[in-house]
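# Results of the structural survey
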Amino acid sequence: MPSEPQKNHEIHIDGNVNGNIIIGDSNSVQTSQTSEVSKPKFLLRLKQHIEKEDHYHIEIEFDDDGSRQTAEARFEFKQMTDADRGDIRWYLEDYLQYPLDPAPQIANRIEQRMKELGIELFNAIFKNTQATRLWAKIEDKLDDTRVEIITDVTGAVTLPWELLRDPQTDSNIVIRANAFVRAHYSAARKAEKAQATD
């Protein structure tokens, strides 16, 4: 019986296409030069605006094969503490180098906290009726969707976008999406101008 082709997920950091990371289903890490990723059919763009400290306005845009749908979310998000940031840094940097006891127990606690943060962020963004209806249209198409997070430089680290998690499916959006891209406003405007001239 032939095996199914491996599906690759693409993560671009800061909109730098040449510096992307491909995460395959077997969790192997490759560069984009060695792996082909199918071009997504759909686009989900989340534009983050900081209204004041810990208060956010998110513009949600979904391009469903030419049909553009929008929603907005306004919310307070204080859940991410300095201790959380330190724990996540430890998990991503130190744990891999020193995985001996008691590190696995600490890592389990941090994994659970990252999951909680991702669900809290998802619920904050998609809690209003308009955003909930839009997510219902996106959810089944996520594996063929490019997710773009657009922020200014100051706001780039204020929300834990890479932890965004759908509580209904208990799945991380970064892993489910065809591509997950972070960019800042000036890069997004340049890309929109380039698309307009094509």
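Just so it is clear, the structure is predicted and the values come from calculations on it, not from any experiment.

## Considering the environment of Ser 186
Considering the arrangement of structural elements, one finds Ser 186 in helix α5 (residues 185–197). Considering only alpha carbons, one finds Ser 186 and Val 153, 33 residues apart in sequence, at a separation of 10.0 Å.

## What about unusual backbone geometry?
Cis rather than trans, the peptide bond between Asp 101 and Pro 102 has omega equal to 5°. We note that Asp 54 has phi near 65°; this positive angle belongs to a residue other than glycine. Non-glycine residue Asp 65 carries a positive phi angle of around 60°. Relative to the elements of secondary structure, Asp 65 occurs in the loop between β5 (55–64) and β6 (67–76). In this structure Asp 65 comes out as exposed when scored by relative accessible area, which is 63%.

## Some details on the packing of aromatic side chains
Each aromatic ring pair is summarised here by two numbers: the centre-to-centre distance and the angle between the ring planes. Following the criterion strictly, the structure yields seven aromatic pairs and no others. Summarising the aromatic geometry, the rings of Tyr 56 and Phe 75 are spaced 5.9 Å apart at their centres and angled 35° between planes, so their arrangement reads as tilted. Here Tyr 56, found in strand β5, pairs with Phe 75, found in strand β6; they are 19 residues apart in sequence, far enough to count as distant. A centroid spacing of 5.1 Å and a plane angle of 85° characterise the contact between Phe 122 and Trp 135, whose relative ring orientation is edge-to-face. Taken together, the positions of Phe 122 in helix α2 (residues 103–125) and Trp 135 in helix α3 (residues 129–139) put the pair 13 residues apart, joining distant regions of the chain.

## Brief notes about the pairing of β6
When β5 meets β6, the two strands line up antiparallel, connected through 10 bridges. Bridged to His 57 within β6 is Arg 74. Hairpin connection from β5 to β6: two residues lie between these consecutive antiparallel strands, with Asp 65 at a positive phi of about 60°.

## Considerations on the confidence of the model for the protein chain
Parts of the prediction with low pLDDT should not have their coordinates interpreted in detail. When pLDDT is averaged along the protein chain, the result is 83; 75% of the residues meet or exceed 70. The low-confidence segment residues 1–35 (pLDDT under 50) makes 61 contacts with residues lying over four places distant or belonging to another chain.

Rules used throughout
Residues numbered from 1 in each chain as written. Predicted model: local features only at pLDDT ≥ 70, side-chain atom pairs only at ≥ 80, totals over all residues. Heavy atoms only, no water. Helix = DSSP H or I, 4+ residues; strand = E, 2+ residues; numbered from the N terminus. Buried < 20%, exposed > 50% of the residue type's maximum accessible area, 1.4 Å probe, protein only. Phe/Tyr/Trp six-rings, centres within 6.5 Å; stacked < 30°, edge-to-face > 60°. Pairing = 2+ DSSP bridges. pLDDT = per-residue confidence, 0-100. Contact = heavy atoms within 4.5 Å.

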